[in-house]
Amino acid sequence: MVEVVNLHKKGRLSGVNLRLASGSLALLGPNGAGKSTLLGLLAGRLRADGGVMWLFGHHPQSLEAARTRAYIPQHLGFPPTLRVEEILEAARRLKGASPQDKAEATRRMGLEAHLKRPVAQLSGGWRQRLALAAGLMGYPPLWLLDEPASALDTEGLERLQDWMAAHLAMGGLAILSAHRQEEISCLAERYVRLEDGQVVEQGSVNYAQEPS
Ligand SMILES: Nc1ncnc2c1ncn2[C@@H]1O[C@H](COP(=O)(O)OP(=O)(O)OP(=O)(O)O)[C@@H](O)[C@H]1O
């Protein structure tokens with residue numbers, strides 16, 4: 001369960017409320033609306049100026065909350081000389097995930113043929129797939145994804161859609177951002193629209209997905 005009550009961040013968010021007990025939620029809105037700020041607050045990367053937030057009953061900046069979530073920011077910088085397989089193994093060890101979890105993440109994002117490549121040689125879309133594989137490995141209960149669809153091609157988006165469906169089928173939660181509803185109609189069931197740091201609309205996305 002994620003709860004946000006009357007959240008304020010000076011000049012960026014003003015009186016935001018949301019509640020997510022199950023499924024996936026998209027944060028929609030134009031550039032500068034406050035989507036990344038809200039995700040950064042839930043990820044414990046930013047400190048709020050007012051209001052409260054709970055992730056499964058824990059404050060976002062607590063160690064307990066950190067254990068419940070994966071946060072994939074818009075631009076994640078990996079050391080350019082490291083190979084894909086080295087990053088996935090480092091992620092596995094950091095998370096205490098199993099070799100099976102790592103193999104699943106690699107397969108889910110279609111990275112098998114890229115394991116020996118250094119990050120410097122990956123395109124933006126493949127870096128995004130690597131970030132998702134490393135971050136979502138082992139199914140942390142809450143996925144926070146900042147514009148996950150923007151760098152992915154159709155095949156990559158379908159892979160994320162399948163993985164998301166499996167996550168939701170196991171009772172997982174997800175909050176993700178996008179500019180437009182059509183970008184994430186395969187990933188989120190509901191949306192809130194932010195404008196100028198405030199929720200201006202919320203509703204259901206026309207969503208249909210079977211887990212693979
Ligand atoms: N580090 C910062 N310090 C102060 N203000 C910031 C900072 N980062 C972003 N902002 C401001 O906060 C507001 C919300 O920005 P945010 O990045 O959360 O929007 P967004 O909806 O994610 O936008 P985009 O779609 O362009 O990624 C904007 O007015 C932005 O200029």
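Residue numbers here run from 1 along each chain, matching the order of that chain's written sequence. Whole-chain, interface and lining totals are the exception, using all residues; otherwise, since this is a predicted model, local features are given only for residues with pLDDT of at least 70 and side-chain atom pairs are given and counted only at 80 or more. Remark: hydrogens and water are excluded; side-chain values derive from all non-hydrogen atoms of the structure.

### Section: the overall build of the protein chain
Right, on to step 1. Looking only at helices and strands, the protein chain features seven helices and nine strands.
Right, on to step 2. For the protein chain, the spread of C-alpha atoms along the principal axes amounts to about 45 × 35 × 30 Å.
Right, on to step 3. Exposed residues in this analysis have more than 50% of their type's maximum accessible area, buried residues have under 20%, and partly exposed residues fall in between, with area computed by a 1.4 Å probe over protein chains only. Here the protein chain holds 212 residues, and the buried ones make up 50% of them.
Right, on to step 4. In what follows, a contact means two residues having at least one pair of non-hydrogen atoms within 4.5 Å. Considering only intrachain contacts with a sequence separation of at least 6, the fraction spanning at least 24 residues in the protein chain is 67%.
Right, on to step 5. Areas reported here follow the Shrake-Rupley algorithm with a probe of radius 1.4 Å; residue values treat only the protein chains shown as occluding. Per element, the accessible surface of the protein chain, about 10000 Å² overall, is 48% carbon and sulfur.
Right, on to step 6. Positive charges are assigned to Lys and Arg, negative charges to Asp and Glu, while His and the chain termini are left out of the count. Every charge is mapped onto a representative atom, which is NZ of Lys, CZ of Arg, CG of Asp or CD of Glu. Treating the 24 positive side-chain charges of the protein chain as one cloud and the 22 negative ones as another, the clouds have centres 7 Å apart. Note on conventions: DSSP H or I runs of at least 4 residues are helices, E runs of at least 2 residues are strands, and numbering of each starts at the N terminus.

### Observations regarding the nonpolar core
Right, on to step 1. The definition of a nonpolar core used throughout is a set of buried Ala, Val, Leu, Ile, Met, Phe, Trp, Tyr and Cys residues joined through side-chain atoms within 4.5 Å. Among the nonpolar cores identified, the biggest contains 42 residues, and Leu130, Leu136, Trp143 and Ile184 are the most heavily contacted of them.
Right, on to step 2. Going through the elements one at a time, strand E3 (23-28), strand E5 (69-72), helix H3 (84-95), helix H5 (124-136), strand E6 (142-145), helix H6 (154-169) and strand E7 (173-178) are the ones with two or more residues in this core.
Right, on to step 3. In this structure, Trp143 is in contact with Ala70, Leu136, Trp163, Met164, His167, Leu173, Ala174 and Ile175, ignoring residues within four places of it in sequence.
Right, on to step 4. In this structure, Val16, Leu27, Leu144 and Ile175 belong to the second largest nonpolar core, which totals 25 residues.

### Looking at the pairing of E6
Right, on to step 1. Of the two faces of E6, both are covered, the one formed by Leu142 and Leu144 as well as the one formed by Trp143 and Leu145.
Right, on to step 2. Two strands pair when backbone bridges link them, and E5 and E6 are joined in this way by four bridges, in the parallel orientation. Note that in E6 the partner of Tyr71 across the bridge is Leu144.
Right, on to step 3. Handedness rule for crossovers: strands pointing away from the viewer, path from the first strand over the helix to the second running clockwise, crossover right-handed. In the classification by handedness, the crossover that spans E6, the intervening H6 and the parallel E7 is right-handed. By definition, two strands form a pair when at least two bridges between them are found by DSSP.

### Quick look at the sheet that holds strand E9 (residues 198-204)
Right, on to step 1. The strand order across the open sheet formed by six strands is E5-E6-E7-E3-E8-E9, and the pairing between neighbours is mixed. A strand with exactly one partner marks an edge of an open sheet, and here the two such strands are E5 and E9. Strand-to-strand, the axes of this sheet are offset by a mean angle of 15°, without reference to chain direction.
Right, on to step 2. In terms of strand pairing, strand E8 (residues 190-195) meets E9 through six bridges, oriented antiparallel. Bridge assignment links Arg190 to a residue of E9, and that residue is Ser204.
Right, on to step 3. Each axis is a line fitted through C-alpha atoms, taken for helices only over the stretch in contact, and angles between the N-to-C directions span 0 to 180 degrees. Packed on one face of the sheet, helix H1 (residues 35-42) meets E3, E5, E6, E7 and E8 and runs near 150° to E7.

### Quick word on the packing of H3 against helix H4 (residues 99-108)
The description of two packed helices rests on the angle between their axes and on the distance between the axes.
Right, on to step 1. Where H3 meets H4, the closest approach of the two axes is 10 Å, and the angle between their N-to-C directions is 135°. By the angle between their directions, the pair H3 and H4 is classed as oblique. As for how H3 packs across H4, the hand of that crossing is right-handed. Contacts between H3 and H4 involve Leu88, Glu89 and Arg92 on the former and, on the latter, Pro99, Lys102 and Thr106. Here the angle decides the label: under 35 degrees means roughly parallel, over 145 means roughly antiparallel, 65 to 115 means roughly perpendicular, and every other value means oblique. Each crossing is labelled by how the near helix is turned from the far one, with a counterclockwise turn of less than a right angle marking it left-handed and a clockwise turn marking it right-handed.

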